[in-house]
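# Inside the fold
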Amino acid sequence: MDKRFTEQVHKPDNGELAFDAPWQAKTFAMAVQLNESGVFTWTEWAEELSSQIADFEKHNAIENSNDYYKLWQSALEQLVQQKTA
Amino acid sequence: MSEHTHHHHAPPSEIEERVKKLESLLIDKKLVDPQSLDLLVDTYQNKVGPKNGAAVVARAWTDADYRKRLLEDATPAIMELGYEGRQGEHMVCVENTPQVHNMVVCTLCSCYPWPVLGLPPAWYKASSYRARAVSEPREVLKEFGLVLDPEVEVRVWDSTAEIRYLVLPLQPAGTETFTEQQLAAIVTRDAMIGVTQVSAPDAA
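## Regarding the domain arrangement of chain B
Domain annotation of chain B identifies domain 1 (14–46) and domain 2 (50–193). Between the C-alpha centres of domain 1 of chain B and domain 2 of chain B there is a distance of 31 Å.

What follows is the structure in structure tokens.
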């Protein structure tokens, strides 16, 4: 194969990891699984996450995955409480 | 807001405790299964990524009929290559031309086409990108190193829980003789979000 291509190896994630810490992966996976088992729809999920983000952004800015997945976890806690109480 | 200090022997942080507590609760209620959680993480950490989208783009560049199908109705066209699933149920492919440059954002949260691009990069979720992609897209593109001619129209697409966008970048000049596989290797994630363009590899 042309040398140009072997040098320009395609990185599936452009070198970035999907998660910075195991807890981020865990909260991500829990939300996906609860959606799949029908505890909430993805639209309900997006609304709750958006609302957590909007609240946070009144006074703060999301700068990294840590900030973001904390809000993800808050949204998940909120929906679990609503849907499984 | 961010804490970059890292204590290897520190007790679990508050957020780690919260996640663990919720996980235990959901396992007790049999609402989640630990093995499926691990499988999900592995999938998005290691298996699904922009390589999928790059294959779609390369096919569109080399097969005019496929390109037409992709632009008309992206979801089944993407499925033809075997990419489907969560957050790819309703895909729309937007085509860059010499006159129009498309870029994608999710202003409210972080909606993103997982089956073709994997999970979004940190900057896509950041407040700054989500606000500025709409208020000053050309400035944002400049920061990604893309300076567009003022004549070029910039279209910004706001993803939702229902609709996910994939940008079909312009095929760079000098790649006309490339094979589909060679083309797939030069298509980047950022170009498919629409914050950069695809460039031809430097001549060896």
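After that view of the structure, there is still more to cover.
## With respect to the packing of aromatic side chains
Inspection of every chain in the model, using the stated rule, returns 20 aromatic pairs over all chains. Taken together, the ring pairs in this structure connect A:Phe19, A:Phe28, A:Phe40, A:Trp42, A:Trp45, A:Tyr68, A:Tyr69, A:Trp72, B:Tyr44 and B:Trp114 into an aromatic cluster. Sitting above the plane of the B:Tyr66 ring, B:Arg59 keeps its charged end 5.8 Å from the centroid.

## Some remarks on the pattern of salt bridges
All chains considered together, the criterion is met by 17 salt bridges over all chains. Among the salt bridges present, the one from A:Glu44 reaches A:Lys83, with a minimum N-O distance of 2.6 Å. Highlighted residues: A:Glu44 in helix α3 (residues 42–57) and A:Lys83 in helix α4 (residues 65–84), separated in sequence by 39 residues. Where A:Lys58 meets A:Asp55, a salt bridge forms, and the shortest distance between an N and an O atom there is 3.2 Å. Each of A:Glu77, B:Glu14 and B:Arg18 takes part in salt bridges that share partners, so that together they form one network.

## What to know about the environment of B:Leu170
All names here are of chain B. Relative to the helices and strands, leucine 170 is located in the loop between β4 (164–168) and α10 (180–184). On the basis of relative accessibility, which here comes to 33%, the residue leucine 170 falls in the partly exposed class. Measuring from C-alpha to C-alpha, the distance between leucine 170 and glutamine 45 comes to 29 Å, with 125 residues separating the pair along the chain. When neighbours within four sequence positions are excluded, leucine 170 is seen to be in contact with Trp61, Asn96, Thr97, Pro98 and Val198.

## Overview of the side chain of A:Thr27
Mapped onto the elements, A:Thr27 comes out in helix α2 (residues 22–36). For A:Thr27, a relative accessible area of 0% puts it in the buried group. If near-sequence neighbours (up to four positions away) are discounted, A:Thr27 is found in contact with A:Tyr69, A:Trp72, A:Gln73, A:Leu76 and B:Val19.

## Some points on the interface of chain A and chain B
Counting residues at the interface gives 48 residues for chain A, matched by 55 residues for chain B. Here chain A and chain B share an interface that buries about 4,700 Å² over both sides, 61% of which is from carbon and sulfur atoms. For the interface between chain A and chain B, the tally reads four salt bridges. Among the salt bridges present, the one from B:Glu23 reaches A:Lys26, with a minimum N-O distance of 3.1 Å. On inspection of chain A and its partner chain B, the count reaches 14 residue pairs in polar contact (both at pLDDT 80 or more).

## Notes on the nonpolar core
Counting residues in hydrophobic clusters, the biggest one holds 89 residues, and the most contacted among them are A:Phe28, A:Trp45, A:Trp72, A:Leu76, B:Leu70, B:Ile78 and B:Tyr129. For this core, the two domains that each supply at least three residues are domain 1 (14–46) and domain 2 (50–193) of chain B. Discounting residues that sit within four places of it in the chain, A:Leu76 has contacts with A:Thr27, A:Met30, A:Ala31, A:Leu34, A:Phe40, A:Trp45 and B:Leu22.

## Topic: the confidence of the model for chain A
The predicted coordinates should not be examined in detail at positions where pLDDT is low. Residue-level pLDDT values for chain A average 84, and 81% of them are 70 or greater. Counted against residues more than four places away or in other chains, residues 1–13 of chain A, with its pLDDT under 50, gives 28 contacts.

## With respect to the pairing of β4(B)
Residues and elements named next belong to chain B. Along β4, five of the five residues are buried, which leaves the element largely enclosed by surrounding structure. Where strand β1 (residues 91–95) meets β4, five bridges bridge the pair, whose relative direction is parallel. Within β4, the residue paired with cysteine 93 across the bridge is leucine 166.

## Structural notes on the packing of α2(A) against helix α1 (residues 14–28) of chain B
At their nearest, the axes of α2(A) and α1(B) sit 10 Å apart, and the two run at 35° to each other. Note on packing geometry: the crossing formed by α2(A) with α1(B) is left-handed. Here A:Trp23, A:Lys26, A:Thr27, A:Met30 and A:Leu34 of α2(A) lie close against α1(B), whose contacting residues are B:Ile15, B:Glu16, B:Val19, B:Leu22, B:Glu23 and B:Leu26. Here the contact of α2(A) with α1(B) is composed, by residue class, of seven nonpolar, one polar and three charged.

## Points about the packing of α4(A) against α1(B)
It is at 11 Å that the axes of α4(A) and α1(B) come closest, and there the two elements cross at 35°. Crossing handedness for the pair α4(A) and α1(B): left-handed. For the pair formed by α4(A) and α1(B), the contact residues are A:Lys70, A:Gln73, A:Ser74, A:Leu76, A:Glu77 and A:Val80 on the first element and B:Ile15, B:Arg18, B:Val19, B:Leu22, B:Leu25 and B:Leu26 on the second. Grouping the amino acids of the contact of α4(A) with α1(B) by side-chain chemistry returns seven nonpolar, two polar and three charged.

Parameters at a glance
Residues numbered from 1 in each chain as written. Chains lettered and ligands numbered in written order. Predicted model: local features only at pLDDT ≥ 70, side-chain atom pairs only at ≥ 80, totals over all residues. Heavy atoms only, no water. Domains from an automatic or database assignment. Phe/Tyr/Trp six-rings, centres within 6.5 Å; stacked < 30°, edge-to-face > 60°. Lys NZ or Arg CZ within 6 Å of the ring centre and 35° of its normal. Salt bridge = Lys/Arg side-chain N within 4 Å of Asp/Glu carboxyl O. Helix = DSSP H or I, 4+ residues; strand = E, 2+ residues; numbered from the N terminus. Buried < 20%, exposed > 50% of the residue type's maximum accessible area, 1.4 Å probe, protein only. Contact = heavy atoms within 4.5 Å. Buried area = accessible area lost by both parts, 1.4 Å probe. Polar contact = N/O pair within 3.5 Å; in protein donor to acceptor, adjacent residues only side chain to side chain. Core = buried A, V, L, I, M, F, W, Y, C linked by side-chain atoms within 4.5 Å. pLDDT = per-residue confidence, 0-100. Pairing = 2+ DSSP bridges. Axes fitted to C-alpha atoms, helices over the stretch in contact; angles between N-to-C directions. Left-handed = near helix turned anticlockwise from the far one by under 90°. Nonpolar A, V, L, I, M, F, W, Y, C, P; charged D, E, K, R; others polar.

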